[in-house]
Amino acid sequence: GAVVSQHPSWVICKSGTSVKIECRSLDFQATTMFWYRQFPKQSLMLMATSNEGSKATYEQGVEKDKFLINHASLTLSTLTVTSAHPEDSSFYICSARDLRSGTPGAEAFFGQGTRLTVV
Amino acid sequence: AQSVTQLGSHVSVSEGALVLLRCNYSSSVPPYLFWYVQYPNQGLQLLLKYTTGATLVKGINGFEAEFKKSETSFHLTKPSAHMSDAAEYFCAVNYGGSQGNLIFGKGTKLSVKP
């Protein structure tokens, strides 16, 4: 299947700093990418949906000024956690689908996830 | 609201025993259905999916699932559990929206005892 590469796999940062997470589709063009947050022993919570070349659509309760998403090309989306605080510590996962095929049943490919720890 | 329900947050089976992980969706319109597996500190890997056609779907690692419209279910099974099957399993649905977003169940942690 297609490969989605997410980097870094883990990061520790100081409170108040910003962290950028990259999500790349390696062998297909991802018109749409999804960013999820996963708390321990819980399911994935969709944070936002990004479409190449346009603004991301954020889910209710997600601060768009805190979680900046950029999807500048068909193979790269980035999530920047700005002014990180300990409560932002979590596992972040990106997902990509090529929806140009027009197939809603097309599977989503997931990155390896990024473990963010804010100290 | 559309939702996905996974019965049992934790399932424990013995090695060699049948694995049954339950998933029900809430919609009168059949969605597209997926099962994903997640190993610790990793992303999600697709096990299998149902879109159209045959209701019994076979996936990787010996898993299969059957779509039952009358029961709005998509339970995941494997005849004989292996130690390497221990992981978190997520059922997900796509109702065909333009954004193509997946709605996930809360997950079921599968433990396999020797």
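Let me begin by describing the structure that accompanies this report. (Residues numbered from 1 in each chain as written. Chains lettered and ligands numbered in written order. Predicted model: local features only at pLDDT ≥ 70, side-chain atom pairs only at ≥ 80, totals over all residues. Heavy atoms only, no water.)

1. Side note on the environment of Val19 of chain B
Residues and elements named next belong to chain B. Its location among the elements puts Val19 in strand S3 (residues 19–21). According to the relative accessible area criterion, Val19 is buried, its value standing at 0%. As for Val19 and Leu76, which are separated by 57 residues in sequence, their C-alpha atoms are 7.7 Å apart. With near-sequence residues (within four places) excluded, Val19 lies in contact with Val13, Phe63, Leu76, Thr77, Lys78, Ala81 and Leu110. (Helix = DSSP H or I, 4+ residues; strand = E, 2+ residues; numbered from the N terminus. Buried < 20%, exposed > 50% of the residue type's maximum accessible area, 1.4 Å probe, protein only. Contact = heavy atoms within 4.5 Å.)

2. A short note on the interface of chain A and chain B
Tallying the contact residues gives 24 residues for chain A and 22 residues for chain B. Summed over both partners, the interface of chain A with chain B comes to about 1,700 Å²; 52% of that surface belongs to carbon and sulfur atoms. On inspection of chain A and its partner chain B, the count reaches zero salt bridges. Taken together, the connections running from chain A to chain B amount to three residue pairs in polar contact (both at pLDDT 80 or more). Elements supplying a minimum of two residues to the side of chain A that touches chain B: strand S4 (32–38), strand S5 (44–51) and strand S9 (90–97) of chain A. Considered class by class, the residues forming the side of chain A that touches chain B number eleven nonpolar, ten polar and three charged. (Buried area = accessible area lost by both parts, 1.4 Å probe. Salt bridge = Lys/Arg side-chain N within 4 Å of Asp/Glu carboxyl O. Polar contact = N/O pair within 3.5 Å; in protein donor to acceptor, adjacent residues only side chain to side chain. Nonpolar A, V, L, I, M, F, W, Y, C, P; charged D, E, K, R; others polar.)

3. Regarding the state of the cysteines
One pass over the full model with this rule turns up two disulfides over all chains. Between Cys23 of chain A and Cys94 of chain A runs a disulfide, and the two sulfur atoms are separated by 2.0 Å. Judged by the torsion about the S-S bond (80°), the Cys23 of chain A/Cys94 of chain A disulfide is right-handed. Here the residue Cys23 of chain A occupies a position in strand S3 (residues 19–25), and Cys94 of chain A occupies one in strand S9, the gap between them amounting to 71 residues. The class for Cys23 of chain A is buried, based on a relative accessible area of 0%. Paired through a disulfide, Cys23 of chain B and Cys91 of chain B show a sulfur-sulfur distance of 1.9 Å. Taking the sign of the S-S torsion, about -65° here, the bridge from Cys23 of chain B to Cys91 of chain B comes out left-handed. (Disulfide = S-S within 2.5 Å.)

4. A look at the pattern of salt bridges
Residue and element names in this part refer to chain B. Inspection of the entire model under this criterion finds four salt bridges over all chains. A salt bridge links Lys58 to Glu64, with the nearest nitrogen and oxygen atoms 2.8 Å apart. You can call Lys58 exposed: its relative accessible area is 62%. For Lys78, the salt bridge identified is with Asp85, shortest N-O distance 2.8 Å.

5. Notes on the side chain of Gln38 of chain A
You can see Gln38 of chain A is positioned in strand S4. Residue Gln38 of chain A is classed as buried on the basis of its relative accessible area, which comes to 8%. Ignoring sequence-local partners within four residues, the contact set of Gln38 of chain A consists of Ser43, Leu44, Ser90, Phe91 and Ile93 of chain A together with Gln38 and Phe90 of chain B.

6. So, unusual backbone geometry
Following His7 of chain A, the chain continues into Pro8 of chain A via a peptide bond in cis, with omega recorded as 0°. Tracing the sequence through the fold places Pro8 of chain A in the loop between strand S1 (4–7) and strand S2 (10–13). With a phi close to 45°, Ser83 of chain A is a non-glycine residue in the positive phi region. Following the sequence through the fold, Ser83 of chain A ends up in the loop between strand S8 (76–81) and S9. Ser83 of chain A gets classed as partly exposed once you look at its relative accessible area, which sits at 35%. Even without being a glycine, Asn61 of chain B presents a positive backbone phi close to 60°. Topologically, Asn61 of chain B is positioned in the loop between strand S7 (56–58) and strand S8 (64–68).

7. Topic: the pairing of S4 of chain A
Residue and element names in this part refer to chain A. The element S4 is largely enclosed, with a buried count of seven among its seven residues. As judged from the seven bridges shared by S4 and S5, these two strands associate in the antiparallel manner. Bridge pairing links Arg37 to Met45 in S5. As consecutive antiparallel partners, S4 and S5 are separated by five residues, and within that stretch Lys41 has a phi angle of approximately 60°, a positive value. As judged from the seven bridges shared by S4 and S9, these two strands associate in the antiparallel manner. (Pairing = 2+ DSSP bridges.)

All we've got here are geometric facts, nothing functional implied.
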